[in-house]
Amino acid sequence: MDRKITSAKNSDAEVTCAVLAGLTHVVIGTNLGLPGVILPQLTDPTHQDLFLNTSQVALFGSLLHVGAMAGSLMGGILDIYLGQRVTLLLAIPFCLVLWLSMSFTSAVWVLQLLRALLGITQGFIGIASTNYLAEVTQSEIRGRLMSFLDIGRQSGILLVFVVGCLDLTWREVMLVCGCVTTVPTFIGLLFLPNSPRWLVTRGRVKEAHDALIFLRGPHYDSKLELQSIVDHFNNVTVKKTSTMRQMKQMQEPNVLYRLLFMAILTVLAQFTGSVSIVTYVVPIFQAANSTLNSYGSAVSIAGLRVAGTLVFMLVVERVGRRVLMVTSCLVCSVSLLLLGVYFLLQNTGIDVSILGWLPLISLLVYMPFVVAIQALLSILRSEMFSTSVRAIAVSTMFVVFYTSMFAVTQTFPIMTEVIGEQGVFWTYGSSCLLLALMTTVLLPETRGLTLEEVDDTFRYGKKIVLTIPCA
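Just so you know, these numbers come straight off a predicted model, no measurement behind them. In every chain, residue numbers begin from 1 and rise along the written sequence. Totals for whole chains, interfaces and linings use all residues, but because this is a predicted model, local features are given only for residues with pLDDT of at least 70 and pairs of side-chain atoms are given and counted only at 80 or more. Only heavy atoms go into the side-chain values, all of them from the structure, while hydrogens and water stay out.

*Asks:* Could you give an account of the nonpolar core, naming the residues involved and the relevant values?
*Replies:* In this text, buried Ala, Val, Leu, Ile, Met, Phe, Trp, Tyr and Cys residues form a nonpolar core when linked through side-chain atoms within 4.5 Å. Type-normalised accessible area, obtained with a 1.4 Å probe on protein chains alone, sets the label of each residue: buried when under 20%, exposed when over 50%, and partly exposed for intermediate values. Of all hydrophobic cores here, the largest spans 121 residues; its most connected members are Ile38, Trp99, Leu111 and Phe385. Each helix is a run of H or I in the DSSP string that is no shorter than four residues. Each strand is a run of E no shorter than two, and both are numbered from the N terminus. Among the elements that make up this core, the one with the highest residue count is helix H18 (residues 390-442) (17 residues).

This is the structure in structure tokens:
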């Protein structure tokens with residue numbers, strides 16, 4: 001009890017790390033939301049600037065995810081040798097250069113290339129910030145602080161939607177987003193320590209101890225936590241720190257099981273419709289014959305996603321991962337089912353004017369819970385793998401993440417044509433139910449466990465009795 005109280009009093013540095021890690025994800029959010037606010041200008045033939053045809057628009061949207069896949073693969077290697085913090089310090093300035101270059105480009109092919117390169121930096125940032133925050137935070141508050149990543153990402157979407165509402169050209173939108181999301185974050189990262197767990201993997205134990213003192217405070221028993229990290233690393237990994245050794249260790253059955261399980265959860269989570277509904281929120285409202293302003297609807301949806309993530313941060317360490325995941329999936333499934341019913345009635349010629357409120361209400365209920373699903377998956381990605389393979393394993397999971405994101409955004413228009421809007425939303429609702437089932441049956445509760453205890457739970461099947469942490 002004394003240790004938890006002491007750590008809670010000395011968690012200011014960890015909160016600072018969480019805020020700065022969250023700011024790196026604002027970059028990712030602005031990348032995701034950018035097409036929705038600048039494509040109207042880029043597809044206007046009367047606009048005296050660059051013009052994108054239909055195929056170029058699809059390429060502009062998808063190249064970000066293709067680049068992110070490549071960045072996720074390379075980012076894991078950089079994390080191993082340079083550490084997460086240094087990787088972020090390299091990626092953030094490069095990201096600013098790309099934003100500025102896009103805002104001044106005069107050729108479509110250059111714009112597309114820069115968009116793909118921006119995706120690569122997004123892959124670097126996603127892996128490094130996720131692993132860094134997981135490794136510097138204590139088990140009692142890890143879930144809550146990891147939520148800052150999702151708050152940052154949702155805030156980035158909101159930011160670019162709000163900027164898009166202003167009377168700015170698409171070039172000015174890029175300038176604003178590029179400068180606002182990168183400069184303050186880079187400056188803040190300069191004052192943070194490297195991850196103590198990464199330092200242990202490189203044999204820099206003294207620096208790891210100094211990092212723990214910075215993070216936990218001088219009155220916390222840092223030596224005890226350091227010894228636990230070192231012992232677990234030596235016993236489980238036998239100092240498997242190189243890329244090839246990590247790849248070899250990932251072939252172990254227990255690690256392969258976790259990779260497969262996490263990959264399935266990741267794909268199912270993307271097919272809950274979170275990204276595709278945000279990407280196509282304007283066409284969805286138009287198909288529902290909504291009279292609401294498209295940009296206003298986009299801002300309200302983005303704002304609700306931020307609010308949902310904030311609520312998630314407050315309850316995640318009180319409710320637990322499994323209960324929150326199952327509850328969120330069930331609520332999302334019901335919301336999507338009702339939305340599908342609305343479109344079925346409309347597409348069969350039935351007058352649904354009396355139900356004109358249903359699409360908006362369904363999405364307003366859906367959004368806070370679907371971001372909780374995404375936030376939980378972010379936490380599980382960082383918790384599920386041991387320090388010895390975390391860099392490569394999380395890198396692999398981000399490849400799956402961006403591949404499934406690419407797939408769901410690309411298939412939404414095709415699925416709408418083939419099975420109708422109702423079929424699309426019922427498919428997403430079914431994915432929610434399957435995700436809830438897998439969570440109930442296969443996912444152990446990780447709330448309140450250290451990263452080493454989580455690894456032991458998956459590795460040895462230990463039954464750990466959890467207690468509710470002190471508020």
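Moving on from the model shown.
*Asks:* Explain the confidence of the model for the protein chain to me, using residue names and the numbers behind them.
*Replies:* Looking at the protein chain, the pLDDT average stands at 82 and 89% of residues meet or exceed 70. Known as pLDDT, the predictor's confidence for each residue is given on a scale from 0 to 100. For the protein chain, helix H1 (residues 2-9) is the element with the lowest average pLDDT, namely 42, and helix H4 (residues 84-104) is the one with the highest, namely 94. Note that pLDDT drops below 50 for residues 1-10; the model gives that stretch 16 contacts with residues more than four away or on any other chain. Note on contacts: a residue pair is in contact if any heavy atoms of the two residues lie within 4.5 Å.

*Asks:* Help me get a handle on the environment of Gln374, residues and values and all.
*Replies:* Its location among the elements puts Gln374 in helix H17 (residues 358-383). Note: C-alpha distance between Gln374 and Thr309 (65 residues apart in sequence) is 9.4 Å. Not counting chain neighbours up to four residues away, the residues in contact with Gln374 comprise Asp150, Ala269, Gln270, Thr272, Ser274 and Phe401. Whenever a nitrogen or oxygen atom comes within 3.5 Å of another N or O atom, the pair is scored as a polar contact, on the condition that within protein one atom can donate a hydrogen and the other can accept it, and that pairs from neighbouring residues in sequence are kept only if both atoms are in side chains. Among the polar contacts listed, one links the side chain of Gln374 to the side chain of Gln270, at a separation of 3.3 Å.

*Asks:* With reference to specific residues and values, describe the packing of aromatic side chains.
*Replies:* Centres within 6.5 Å are what make two rings of Phe, Tyr or Trp a pair, Trp counting through its six-membered ring; a difference in plane orientation under 30 degrees is then read as stacked, over 60 as edge-to-face, and the rest as tilted. One pass over the structure, following the stated rule, counts 6 aromatic pairs. Judged by centre distance (5.7 Å) and plane angle (90°), the ring pair of Tyr342 and Phe343 falls under edge-to-face. Of the two residues examined, Tyr342 and Phe343, each falls in the buried class. Taken together, a centroid distance of 5.7 Å and an interplanar angle of 25° make the contact between Phe343 and Phe425 stacked. One end of the pair, Phe343, is in helix H16 (residues 321-347); the other, Phe425, is in helix H18, with 82 residues separating them in the sequence. The pair Phe343 / Phe425 is uniform in exposure class, with both members buried. Following the ring pairs from residue to residue traces out a cluster consisting of Tyr342, Phe343 and Phe425.

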